[in-house]
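Geometric and topological summary
Each chain, written out:
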Amino acid sequence: AAEAVTDSLKELALEVQTQVQAIGTTKLGNLRPGLDISLTNMQGNLALFDGDIPMSNFGLGTRRLTGAATQQLANRGTTTLLVDEVEHGLEPHRLVHFLRHLRTSDAFSQVIVTTHSPTALMHLEPEDLVMVRSSGGTTQLKPLDEPAELRPLLKACPEAFLARRIVINEGKTEYGVVLEHLEEWDADTQSVEVPSAALGVVAIEGNGGTGSAGRAAQFLKLGYDVVLFIDSDDTSANTLADQVATDGGAVIRWKGDHSIETAVCAELTETGLTE
């Protein structure tokens, strides 16, 4: 069948191969048209093959990229491309290349993608992003329109942008303690509460007292529920944390002038300290 098709169809298959490889899929040997009898007659049996292997046998990511590449060739510069969950079926390196291709290519008049991937967020710019939130039957779209302020935050903790409730921890020790608490919460089979993941909770490591309080303020401004867990021994951080509480965030601090290390040591016995 591959030899019986017209020369123009053979040439088109080679064009598709060139575009598919440019868009970031696997290297193909000899893309050509053929009849794929695994497809139903309603779908049509004419399909692309790499040698003797039909493209329908390739992985999901390769098939999705091939579809996008074909659309580019079919409707140069006039198509609006809609991609739901752009990361689906793609390894991180192919996802990054595909996003870069979509941002720089003039093959589409407009590209709109949805994503739940931190990798995707890390390799996009704040001005590219719109946060979608649905509550009480109302869906709101909020552009992330402060690129200079949000870019470092987006690169440092992209997973937080995909959550609903964010626990911002001053440092590694607080982060470890909170992760342990979340594991305890999830392991409590007697509780009527759902797991933390179902509540949209994510814990992130902060950037010191003032840095973590600054991140809390940024996420609050974007509309997230925020918990700030910091030490109480830094006057500057305490001032910023007070403002976070005023703005609606929850702030957890030790009583008195304590860091998490001094607070824990003050509570432990000699045996506990040794252990």
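Before reading further, recall that the structure is shown in the block above.
Right, let's walk through the structure included here.

Parameters and conventions
Residues numbered from 1 in each chain as written. Predicted model: local features only at pLDDT ≥ 70, side-chain atom pairs only at ≥ 80, totals over all residues. Heavy atoms only, no water. Salt bridge = Lys/Arg side-chain N within 4 Å of Asp/Glu carboxyl O. Helix = DSSP H or I, 4+ residues; strand = E, 2+ residues; numbered from the N terminus. Buried < 20%, exposed > 50% of the residue type's maximum accessible area, 1.4 Å probe, protein only. Pairing = 2+ DSSP bridges. Axes fitted to C-alpha atoms, helices over the stretch in contact; angles between N-to-C directions. Parallel < 35°, antiparallel > 145°, perpendicular 65-115°, else oblique. Left-handed = near helix turned anticlockwise from the far one by under 90°. Contact = heavy atoms within 4.5 Å. Nonpolar A, V, L, I, M, F, W, Y, C, P; charged D, E, K, R; others polar. Expected span 1.5 Å × (residues − 1). Arc of directions from axis to C-beta.

Below, the discussion takes up the pattern of salt bridges. With the rule as written, the count across this model stands at 11 salt bridges. Across the pair R32 and D52 runs a salt bridge whose closest N-O atoms are separated by 2.9 Å. Of this pair, R32 sits in strand β1 (residues 31-35) while D52 sits in the loop between β2 (46-50) and β3 (53-54), placing them 20 residues apart in sequence. By relative accessible area, D52 is classed as exposed at 67%. In this structure, R151 and E127 form a salt bridge, with 3.5 Å as the shortest nitrogen-oxygen distance. Taken together, the residues span a long stretch of sequence, with R151 in helix α5 (residues 147-156) and E127 in the loop between α4 (118-122) and β6 (130-135) at a distance of 24 residues. Residue classification places R151 among the partly exposed residues on the basis of a relative accessible area of 29%.

What follows deals with the pairing of β2. Here 5 bridges tie β1 to β2, and the two strands are oriented antiparallel to one another. Looking across to β2, one finds that P33 is bridged to L48. Strand direction decides the pairing type here: β2 and β3, joined by 2 bridges, are antiparallel. Bridge pairing links F49 to P54 in β3.

Two numbers describe how helix α7 (residues 208-222) lies on helix α8 (residues 235-246): the axes approach to 8 Å, and their chain directions differ by 15°. Classed by the angle they form, the pair α7 and α8 counts as roughly parallel. As α7 packs across α8, the resulting crossing turns out to be left-handed. Taken together, the residues of α8 that come into contact with α7 (itself represented by G209, T210, A213, A216, A217 and L220) are S236, A237, L240, A241 and V244. Of the residues assigned to the contact of α7 with α8, the class counts are 8 nonpolar, 3 polar and no charged.

Looking now at the packing of helix α2 (residues 60-74) against helix α3 (residues 92-104). Direction vectors running N to C along α2 and α3 enclose 15°, while the axes themselves pass 12 Å from each other. Comparing the axis directions of α2 and α3 gives the class roughly parallel. The handedness of the crossing between α2 and α3 is left-handed. Two secondary-structure elements touch here, α2 through G61, T62, L65, A68 and Q72 and α3 through R94, F98 and H101. Counted by class, the contact of α2 with α3 contains 3 nonpolar, 4 polar and 1 charged residues.

Here α8 contains 12 residues, and its C-alpha end-to-end distance of 17 Å stays within 8% of the 16 Å for a straight helix at 1.5 Å per residue. Every buried residue belonging to α8 is among A237, N238, A241 and V244, and all of these are buried. Viewed along the axis of α8, the buried residues span an arc of 115°, placing them on a single side of the element. Away from its buried face by more than 90 degrees, α8 exposes T235, T239 and T246. Looking at the packing, one finds that the buried side of α8 touches α7, β10 (225-229) and β11 (250-252). One or two positions beyond α8, positive phi appears at G248, with a value near 110°.

Moving on: α3. Counted at 1.5 Å a residue, the expected span for α3 with its 13 residues is 18 Å, and the 18 Å between its end C-alpha atoms agrees. Turning to α3, its buried residues number three or more, namely R94, L95, V96, F98, L99, H101 and L102. The inward-facing, buried residues of α3 abut α1 (7-23), α2, β4 (79-83), β5 (108-113) and α4.

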